[in-house]
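Structural overview for review
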Amino acid sequence: HPALEPVSFAPACAPQASSTTNTAPSVSACSMKRIIECVPNISEGRRTDVIDGLAQTLRGVPGLRVLDVQSDATHNRSVFTLAGTAEAMSVGIPKLFGGAIAAIDLRRHKGEHPRVGAVDVVPFIPIEGVTMAACVALATAIAAEVAARFALPIYLYEDAATNPARKNLEDI
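Residues numbered from 1 in each chain as written. Predicted model: local features only at pLDDT ≥ 70, side-chain atom pairs only at ≥ 80, totals over all residues. Heavy atoms only, no water.

Comments concerning the overall build of the protein
Formally: Secondary structure elements follow DSSP: runs of H or I of four or more residues count as helices, runs of E of two or more count as strands, with numbering from the N terminus. For each residue, the accessible area found with a 1.4 Å probe, counting protein chains only, is set against the maximum for its type, and the residue is called buried under 20%, exposed over 50%, and partly exposed in between. Whether two residues touch is decided by their heavy atoms; if any such pair falls within 4.5 Å, the residues are in contact.
Within the protein, the regular secondary structure consists of three helices and six strands. For the protein, the succession of helices and strands along the chain, N to C, is β-β-α-β-β-α-β-β-α. In the protein, which comprises 172 residues, the proportion classed as buried is 32%. For the protein, the proportion of contacts with a sequence separation of at least 24, taken over those separated by at least 6, is 64%.

The following block contains the structure:
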């Protein structure tokens, strides 16, 4: 895989103490980034052309950073670590699904890890300036879009679960 580029997410401005009052301005004076991490798993860990192509697709989404890609040939699975805004995730994750669905045929898939789909899990994790509730709303919105666009069943789990029997990923 290509070398990872350094990533730095910081507030759009840094509050500085006022010279007349010697107090810092409120945080509202500074535009804070809203950063979400996403760790999608795909059911492909052997064909580097497919994995690299999906990573390149994600790198082309403004506001989305590919922090890492780990592949395991035995499990035939790759894990992407992404960071970005909710808007960037809303663009990038459906693109990941589109590319993975086109390239991965689960009827021929062999691997040690249980899998549910070409894109297996897509957890969203709040990092900065975002709540878990916002990540749940994002997961729900992206799930609805992916389900409609690709005619796929989508199972929400953990905090996003709509069915208590699906809260634990291992139960799905």
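Considerations on the confidence of the model for the protein
Stated formally: In predicted models, pLDDT denotes the confidence assigned by the predictor to each residue on a 0 to 100 scale.
Per-chain confidence: the protein averages 82 in pLDDT, with 77% of residues scoring 70 or above. Within the model, pLDDT remains below 50 along residues 1–30, and this stretch shows 34 contacts once partners closer than five positions in the same chain are excluded.

Some remarks on the nonpolar core
Heads up, the rule is: Joining through side-chain atoms within 4.5 Å is the link that ties buried Ala, Val, Leu, Ile, Met, Phe, Trp, Tyr and Cys residues into a set, and such a set is a nonpolar core.
Of all hydrophobic cores here, the largest spans 34 residues; its most connected members are Phe80, Leu82, Met89, Ile93 and Phe124. If near-sequence neighbours (up to four positions away) are discounted, Met89 is found in contact with Ile36, Glu37, Cys38, Leu64, Leu82, Ala83, Gly84, Pro94, Phe124, Leu138 and Ile142.

Regarding the layout of surface pockets
Spelled out, the test is: Here a cavity means grid points, on a 1 Å grid over the protein atoms only, where a 1.4 Å probe fits yet cannot get out; a pocket means an open set of points with protein on both sides within 12 Å along at least five of seven lines; lining residues are those with an atom within 4 Å of a point. Grid points are joined across faces, edges and corners, and a volume is the space filled by probe spheres set on the points. Side-chain classes follow a simple rule in which Ala, Val, Leu, Ile, Met, Phe, Trp, Tyr, Cys and Pro form the nonpolar group, Asp, Glu, Lys and Arg form the charged group, and the remainder, Gly included, forms the polar group.
For the largest pocket, the calculated volume is near 710 Å³. Lining the largest pocket are 35 residues, and of these Asp120, Val121, Val122, Ile154 and Tyr155 sit closest to its centre. Here the element with the most residues in the lining of the largest pocket is helix α3 (residues 132–150); it accounts for eight residues. When the residues that make up the lining of the largest pocket are grouped by side-chain class, the tally is 30 nonpolar, one polar and four charged.

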